[in-house]
Structure formats: C-alpha cells, structure tokens
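Chains, contacts and geometry: an overview
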Amino acid sequence: MRIAVDIDGVLFPWDDVARGALQFTFGTHTRASGHWHALKEAVDTREWRWLWTRAGQDMVFGADHAYGNAVAAVRELLAMGNEVHFVTHRDPRLTLHHTAAFLSRHFGDGPAWAGVHSIKSRTPKRALGPWDLMIEDKPDTVFDVVAQENTMVFAPLRPWNRAELEGADGPYLRTYTDPADIVEWVEHAKWRA
Ligand SMILES: [Mg+2]
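Okay, so let's go over this structure. Bear in mind the structure is a predicted one, so any value in this text is a computation, not a measurement. (Residues numbered from 1 in each chain as written. Predicted model: local features only at pLDDT ≥ 70, side-chain atom pairs only at ≥ 80, totals over all residues. Heavy atoms only, no water.)

**So, a negative patch on the surface**
A contiguous patch of negative charge on the surface is contributed by Glu 76, Asp 178, Glu 184 and Glu 187. Among the structural elements, Asp 178 can be located in the loop between β6 (173-176) and α9 (180-192). (Patch = residues over 30% accessible without salt bridge, like charges linked within 9 Å, V, L, I, M, F, W, Y side chains within 5 Å. Areas by Shrake-Rupley, 256 points an atom, 1.4 Å probe, with all protein chains shown as cover. Salt bridge = Lys/Arg side-chain N within 4 Å of Asp/Glu carboxyl O. Lys, Arg positive; Asp, Glu negative; His and termini not counted. Charge placed at Lys NZ, Arg CZ, Asp CG, Glu CD. Helix = DSSP H or I, 4+ residues; strand = E, 2+ residues; numbered from the N terminus.)

**Some remarks on the side chain of Ser 118**
By the secondary structure assignment, Ser 118 is in strand β3 (residues 115-118). Polar contacts involving the side chain of Ser 118 include one to the main-chain carbonyl oxygen of Arg 90, which spans 2.9 Å. When near neighbours in sequence (up to four residues on either side) are disregarded, Ser 118 contacts Thr 88, Arg 90, Asp 91, Pro 92, Thr 95 and Leu 96. (Polar contact = N/O pair within 3.5 Å; in protein donor to acceptor, adjacent residues only side chain to side chain. Contact = heavy atoms within 4.5 Å.)

**Looking at the nonpolar core**
By size, the foremost hydrophobic cluster in this structure holds 42 residues, and its most contacted members are Val 5, Leu 11, Phe 12, Trp 14, Leu 51, Val 60 and Phe 86. Per element, the largest residue contribution to this core is six residues, and it comes from helix α5 (residues 68-79). Here this core spans two domains, since at least three of its residues come from each of domain 1 (2-13 + 66-192) and domain 2 (14-61). Sequence-distant contacts of Val 5, defined by excluding residues within four places in its chain, comprise Val 10, Leu 11, Val 74, Val 84, His 85, Phe 86, Val 87 and Ile 135. Formed by 13 residues, the second largest nonpolar core is a distinct cluster that contains Ala 4, Trp 131, Val 145 and Leu 165. (Core = buried A, V, L, I, M, F, W, Y, C linked by side-chain atoms within 4.5 Å. Buried < 20%, exposed > 50% of the residue type's maximum accessible area, 1.4 Å probe, protein only. Domains from an automatic or database assignment.)

**What about the layout of surface pockets?**
Vacant regions in the atomic arrangement are exposed by a probe of water-molecule size rolled over the atoms. Estimated volume of the largest pocket: approximately 990 Å³. In terms of lining, the largest pocket is formed by 32 residues, of which the most central are Trp 36, Trp 52, His 89, Ser 121 and Lys 138. Within the residue set of the lining of the largest pocket, elements represented by two or more residues are α1 (14-26), α2 (38-42), α4 (54-61) and α7 (139-146). Of the residues belonging to the lining of the largest pocket, the class tally is nine nonpolar, 10 polar and 13 charged. Three or more residues apiece are contributed to the lining of the largest pocket by two domains, here domain 1 (2-13 + 66-192) and domain 2 (14-61). (1 Å grid on protein atoms, 1.4 Å probe; cavity = no way out; pocket = protein on both sides within 12 Å on 5 of 7 lines; lining within 4 Å. Points joined across faces, edges and corners; volume = space filled by probe spheres on them. Nonpolar A, V, L, I, M, F, W, Y, C, P; charged D, E, K, R; others polar.)

Below, the structure is given as structure tokens:
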C-alpha cells in the first residue's frame with residue numbers, strides 16, 4: 001500500500017511544543033488549541049511571526065517529542081512492507097534537517113521509508129498521490145482527500161480538530177484515538193485485496 005503519513009499533529013505534538021516555545025520565549029501562557037487557528041488567535045502578531053522565523057522553527061522542530069503510539073503504528077506499517085511516505089507542510093527551507101533527525105530518531109533502526117515530502121501549504125497533499133491511505137489531522141486536508149473517493153483517510157481526534165472531525169466518519173474517513181486501528185485496517189485490507 002502507498003501510504004502518506006503527516007507528521008505534525010499525527011506523530012509530533014506540534015501544538016504542545018509550539019505553545020511551550022512561546023511560553024519559554026515570551027512568557028505567554030496558552031491553552032491547548034480547541035480549533036485549528038486557536039493558537040494564532042491566542043498570541044499577538046509579533047509572537048506568531050516569531051514562531052515561523054528560523055529561531056522559532058529551530059526551537060519547535062528541534063524538540064524531541066512524539067506521540068509514541070502513533071510512531072509504533074507507523075513502524076508496524078513499515079515492517080509490513082508498505083510504501084510509507086512522510087508528507088508534511090513544514091517549510092522545506094527551514095526544517096528539512098529537523099525532520100530528517102526526527103525520522104531517523106524514531107524510524108532509523110527499521111525498514112526504509114519510501115520518501116519525505118516537505119511542501120509549502122499551497123501544494124495540496126493529494127497532488128502527490130494517488131495514495132491508498134493517508135494519516136492526517138488537518139480538517140481541510142482530510143476533507144479535500146476524502147472528496148477524491150480514492151484514498152482511505154485516518155484522522156486522529158485531537159483538541160484542535162475534534163469539533164470538525166468527530167462523527168464525520170464515512171466510507172473514506174475513519175477517525176481514531178488508538179493508532180493501532182490503522183494497522184488493523186491495513187491488515188484486513190490486505191486480505192480483502
Ligand atoms: Mg498535521
């Protein structure tokens with residue numbers, strides 16, 4: 001199976017880490033994002049802009065944090081022999097070395113992944129398809145891909161997407177709290193094929 005795995009919000013707790021970096025740098029305390037643009041709305045323009053500077057990106061994407069259960073599930077997908085690509089909307093100019101270090105840390109001792117695609121957000125992730133399966137937390141991307149009706153999308157329920165994604169499951173969308181559900185679905189799909 002050709003699988004696209006998002007990184008931020010799926011494997012890496014971007015919201016927690018970004019809020020921590022803002023608190024460390026500016027002393028700004030924020031709550032976990034309750035919707036997609038919550039953090040941008042909670043901080044002032046200077047703080048938000050800093051987050052996307054080289055210093056901000058280094059502090060955030062250099063952080064050694066991960067959702068352990070999601071990493072374990074993707075390691076299983078790799079071990080099963082799937083064609084796994086990491087597809088992220090991180091700015092390639094500033095973050096490639098951090099992304100490479102993150103992937104090497106968590107997947108470096110297992111089977112090789114097929115690709116890493118770090119693309120500016122104006123390039124839709126579906127444009128790199130066709131994908132058999134996508135793991136993605138951003139509602140806009142989830143619904144964009146689901147609408148193609150050719151890719152199964154698994155979306156983790158997180159505080160910032162829950163209002164949009166909870167209950168939205170359908171033939172091409174499964175929300176999850178336990179990433180082991182993805183591995184189980186892939187195993188069954190193999191039998192169906
Ligand atoms: Mg994401």
